[in-house]
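Chain and residue survey
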Amino acid sequence: FSLQFNNKRRVNKPYYPRKALLCYQLTPQNGSTPTRGHLKNKKEDHAEIRFINKIKSMGLDETQCYQVTCYLTWSPCPSCAGELVDFIKAHRHLNLRIFASRLYYHWRPNYQEGLLLLCGSQVPVEVMGLPEFTDCWENFVDHKEPPSFNPSEKLKELDKNSQAIKRRLERIKQSRSVDVLENGLRSLQLGPVT
């Protein structure tokens, strides 16, 4: 947890690969017990695609609504963002929320478009904060052995680091709003003033 959800801008030595992990919680709105699981990238399959396939294989009752919360170590790539949007459009009984610890290639325009595509398709994408890190720690981490760090301090550190990442995501979302406004103004045709 402390390595893979680490959201520091730079990783200290010794370096380690930061993997793509996805933890999900599927909660039926009828009050039944939530289903939890976690997935990681496997060769050519990103964790998000494996998640879609996992949910499809569950044979969920389409007359029942479900809240699905995903915690990701990295925000989705543009391809996975498109797949998630298509999946949610085809499965209207699912309400998906995505929380990411870090933004993946956030400076690249096509990765920003992927994030905006999700947000514009009623799939909220947010940066994990203290409540999400705490939920992830409490519900997805194996607590059989004591951690080599103070969990309370680590959660506060993750929350502190997430503030800059949240501002970055907000700037990406705001750039979309400005683009929409500019395009709307360009297409606005005013008649002659009388």
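Conventions and cut-offs
- Residues numbered from 1 in each chain as written.
- Predicted model: local features only at pLDDT ≥ 70, side-chain atom pairs only at ≥ 80, totals over all residues.
- Heavy atoms only, no water.
- Core = buried A, V, L, I, M, F, W, Y, C linked by side-chain atoms within 4.5 Å.
- Buried < 20%, exposed > 50% of the residue type's maximum accessible area, 1.4 Å probe, protein only.
- Helix = DSSP H or I, 4+ residues; strand = E, 2+ residues; numbered from the N terminus.
- Contact = heavy atoms within 4.5 Å.
- Salt bridge = Lys/Arg side-chain N within 4 Å of Asp/Glu carboxyl O.

Quick notes on the nonpolar core
- Counting residues in each nonpolar core, the largest one holds 31 residues, and the members touching the most others are Phe51, Ile55, Cys70, Leu94, Leu96, Ile98 and Leu118.
- At the level of elements, β1 (21-28), α1 (47-57), β3 (66-74), α2 (78-90), β4 (94-102), α3 (109-120), β5 (125-127) and α5 (151-187) are the ones that each hand at least two residues to this core.
- In contact with Ile98, not counting residues within four places along its chain, are Cys70, Leu72, Pro76, Leu84, Leu118, Val123, Pro124, Val125 and Glu126.
- In this structure, Tyr71, Met128, Trp137 and Leu155 belong to the second largest nonpolar core, which totals 10 residues.

Notes on the environment of Leu169
- Following the sequence through the fold, Leu169 ends up in helix α5.
- C-alpha of Leu169 to C-alpha of Leu115: the two residues are 54 residues apart in sequence and 8.8 Å apart in space.
- In contact with Leu169, other than residues within four places in its own chain, are Leu103, Leu115, Val125, Glu126 and Val127.

Thoughts on the pattern of salt bridges
- Taken as a whole and judged by the stated rule, the model has three salt bridges.
- Between Lys154 and Glu157 there is a salt bridge, with the nearest N and O atoms lying 3.8 Å from each other. Here the residue Lys154 and the residue Glu157 both occupy positions in helix α5, the gap between them amounting to three residues, near one helical turn.
- On the basis of relative accessible area, Glu157 is assigned to the partly exposed category, the value being 27%.
- For Glu170, the salt bridge is made with Lys173, and the minimal N-O distance between the two is 3.8 Å. Remark: Lys173 and Glu170 occur in helix α5; sequence separation between them is three residues, near one turn of the helix.

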